[in-house]
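These are the residues of each chain, in order.
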Amino acid sequence: MKLLTWKNAQRTAVWGGGTAVVLAVVGFIAAAVYVVRVTEDLPEYQQLAEYTPPIMSRVHAGDGLLIAEYAREHRVFVPIENIPPVVLEAYLSAEDKNFYTHGGVDYLGMVRGGIRSIIDRMRNPNAPLQSGSTITQQVAKNFLFTSDQAIERKVREIVIARRMERAFTKDQILELYLNEIYLGNRAYGVAAAALNYFDKSLDELELHEAAYLAALPKGPNNYHPTRRTANAIGRRNWVLGRMVANGYISQAEADNAGAMPLEAVDRLEGDTYLAAEYFVEQVRREVFSRYGEDELYEGGLSIRTTLDTSMQLTARRALRDGLEAYDRRHGYRGPLETLEGFDDWPAQLAEVDAPRDLDEGWRKAVVLEVTEGQADLGFEDGERGRVPLYALEWARAFGRDDETFPERGPVVRRAGDVLELGDVVLVEALSAEDYPDETVEAGDFGLRQVPEVNGGIVAIDPFTGRVLSMVGGYSFTQSQFNRAIQARRQPGSAFKPFVYAAALDNDYTPVSIILDAPFVASGDSEMRFYRPQNYSEVFYGPSTLRRGLELSRNVMTVRLAQELGMGPITRYGERFGIYDDLEPTLAMSLGAGETTLVDLIGAYAALVNGGRLIEPSIVDRVQDRAGRTIYLSDSRDCAGCDVQDWSLDVSEPDLPAMGEEVISPVTAYQVVHMLEGAVQRGTGTALRALGRPMAGKTGTTNDFRDAWFVGFSPDLIVAVYVGYDTPLPLGSGEAGGRVAAPIARDFLGPVLTNYAVAPFRVPDGVSLAPIDRETGAPGIIGRPGVILEAFQPGTEPQRGATAEEETLSFGALALGARRQDNDGDEDDEDEDEESLDGLY
């Protein structure tokens, strides 16, 4: 019986063991099938080896300052050999101390993580699972595009981690990890995190900063440096402790680092970056158009631009000051809003939305009391102040003093004429410089308002076309529309230099006489006659071309266009890149066509540089992530430039001139020389205060709707436009010389201190002869009114003949040439009078 029982037990054991083996085999097969199924679409060795993470593109100014970054993921890729040891040691201590010894998966660590997860879930059912992932497994998550805690994802992660260990070296895996990991604050990778948190490169990080960055992978939001400072410092100090345990640092070093405060910084903020916003947005558009979205946001492009950040700050300040000055001339438009009660006025004031991007020093305030001589103010922080009566004199009710708009309100005689109890206003602390004739006291403020008018300013190097500064409006935050590039408006008299250039190339000279007298031409179906007027509404009789351009005479210009024919004028307007297809009508000689500020300044550059048209550029060079140059703005060949050594005994390389010649150097200089006179004696006198050789031209359109000014020295050009985005009159008398020219002056004054004082370059072939600037007759240097005029050789007035006699001969030649080759333009003179009258 016992033997039988023993045999049955033995038989049961055999069957049980067999069943276990079968089940084990089946389980193994099932597991293998499951693993194959969930990993069949994973990347293979070659795909893993070719993987390149997305890298942000970075934009630098011409002076080297970083001004923008474009990215979906802010990442700067740094090779492992360039990552400082302290950063490597901090991350290894915090994330995977056995990284260099395991095969991609730390099974003991996974068991520990599982145990911790069970304990955590017993305490909190919603606690996250502890995965015990190695650095290799964390890198693998980037290939799986998910970070959920599902078992399927974990299996895929383990498989891909093992594949990575075979495809990469340990250093390559660590390199991927440190450049891939998300560390909060828009930063992917340690290099981007070092920049975004501390505005430092990796090699500038101190021990406590490296430890903080190593604390972030477990949850950047949990260790935010300002919102959760205590948690952040605690986690950082934990990392320092792990570095001590692993032998990387001493306890004393850890204690010193642990005592350091956690101080994060804000990058790419401040006046320099605000000033560059219009510029960098245009860079983004150009690079996007050239290379596409993926390359811009993920390709790691290095974009070197033409911007001079110091010049850009000056341009923004000059434009904003000019727009504010115009706005103040036309009065006060009223408060932001008016509070009805004062139970808790600081809190009520805090709820009022102020315009964004205010000038530094502008503050929001509420009027608490109004007396005869001042208005008392309160600020959000409880501070008090006042606006004295003398600082309110400009704040008459808003108007443009124009036929279509009401005049400004009555003169301000008491504070209550402007402000009322509860008004929420913008103010700025006053200084003695603001009101030198008044006693400015502490707590005195001036009333301010954001202008409704807008404008743009561009400055370029005339010989290279490099855009050194560009501001497209009062505030990019308030409006992203770039008025320097996107706004197409009539340039008015700013186009006249090109009319006169066409005349000079068609047998006229600077002393040719044109009659400034009433002019009438046949009209079109909407008007019977066309009668242009001078701005002064006065006619000056026979005048030289020089005087006509210096004083921006409209009637002279139209009569010149009629004599010359519109054919040459339209060709010059298109040849200089101002217009694409200019109508051959008389109105166009007064700038009635539409153009942009950047196209106009490019045309003026051709006058300054000797007649070569160069397209303004904002990007100097683009390099890909490997440092290869893929775009170069200046592609001229320079034999002898790429040499290791150079001495004074060796002549400088001869670089060919940039651009296509669109006008002879002599004609270009003749126009520039006449525009020097516009600054000395004409409409551009705002630049005389600069005390150096300058030239320039104003432009104003019908009803004072657009104001322009282009001013230049021998080496720098600036162009300014001012107008309403929805065209409206600027107001009577608000011409280019009053509105736009002061902005150019305020820009050029500080900027030109970096340029040598020098005369305009006189090209070969120019004949300089003394003439009377009023009559054009030959003169003697040293006598009043006599200047050196620039002529084509052989066209100088000869002694013994009057300027009028000389002009008759040149005029006859010009008229004969026009009759022989006019392209039929003499019959195409009809245009609406409104487009002709009052352009100056």
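Nothing here was measured: the structure is a model prediction, and the numbers come from that model. Position numbers for residues start from 1 in each chain and track the written sequence from start to end. In keeping with the predicted nature of the model, local features appear solely for residues at pLDDT of at least 70, side-chain atom pairs appear and are counted solely at 80 or more, and the whole-chain, interface and lining totals rest on all residues. Hydrogen atoms and water are omitted, and side-chain values are computed over all heavy atoms in the structure.

A. Quick peek at the overall build of the protein chain. A run of DSSP states H or I qualifies as a helix once it reaches four residues; a run of E qualifies as a strand once it reaches two. Both are numbered from the N-terminal end. What the protein chain contains, in helices and strands, is 26 helices and 26 strands. Out of the 840 residues belonging to the protein chain, those deemed buried represent 50%. By definition, residues are in contact when any of their heavy atoms lie within 4.5 Å. Sequence separation of 24 or more characterises 70% of the internal contacts of the protein chain that already satisfy a separation of 6 or more. Areas reported as accessible are Shrake-Rupley estimates using a 1.4 Å probe. Residue values count occlusion only from the protein chains shown. Carbon and sulfur atoms form 50% of the exposed surface of the protein chain, whose accessible area is close to 38500 Å². Each residue gets one of three labels from its accessible area relative to the maximum for its type: buried under 20%, exposed over 50%, partly exposed in between, using a 1.4 Å probe on protein chains only.

B. Representation of the packing of aromatic side chains within the structure. Here is the rule: rings of Phe, Tyr and Trp (six-membered ring for Trp) pair when centre to centre is within 6.5 Å. Planes less than 30 degrees apart are stacked, more than 60 are edge-to-face, and the remainder are tilted. Under the counting rule described, the total for this entry stands at 18 aromatic pairs. Aromatic side chains Phe99 and Tyr100 sit 5.0 Å apart centroid to centroid with 80° between the ring planes, which places their arrangement in the edge-to-face category. Classification of Phe99 by relative accessible area gives buried; the value is 1%. A connected cluster of aromatic rings, assembled from ring pairs, spans Phe495, Phe498, Tyr572, Phe576, Tyr579, Tyr604, Phe712 and Phe760.

C. Examining the pattern of salt bridges more closely. Any Lys or Arg side-chain nitrogen located within 4 Å of an Asp or Glu carboxyl oxygen qualifies as a salt bridge. Under the definition given, this model contains 43 salt bridges. For Glu452, the salt bridge identified is with Arg333, shortest N-O distance 3.4 Å. Remark: Arg333 occurs in the loop between helix 15 (309-329) and strand 6 (337-338) and Glu452 occurs in the loop between strand 11 (445-448) and strand 12 (454-460); sequence separation between them is 119 residues. We classify Glu452 as partly exposed; its relative accessible area is 46%. With a shortest N-O distance of 3.1 Å, Arg745 and Asp746 are connected by a salt bridge. The class for Arg745 is partly exposed, based on a relative accessible area of 28%. What makes Asp746 partly exposed here is its relative accessible area of 36%. If you follow the salt bridges from partner to partner, you end up with Arg316, Arg317, Arg320, Asp321, Asp357 and Asp359 in one network.

D. Expanded view of unusual backbone geometry. Of note in this structure, Asp357 is not a glycine but carries a positive phi near 60°. Secondary-structure assignment places Asp357 in the loop between helix 16 (345-350) and strand 7 (362-370). A relative accessible area of 13% places Asp357 in the buried class. The backbone phi angle of Ser552 is positive, close to 55°, even though this residue is not glycine. Relative to the helices and strands, Ser552 is located in the loop between helix 18 (545-550) and helix 19 (554-564). The buried category is assigned to Ser552, whose relative accessible area is 5%.

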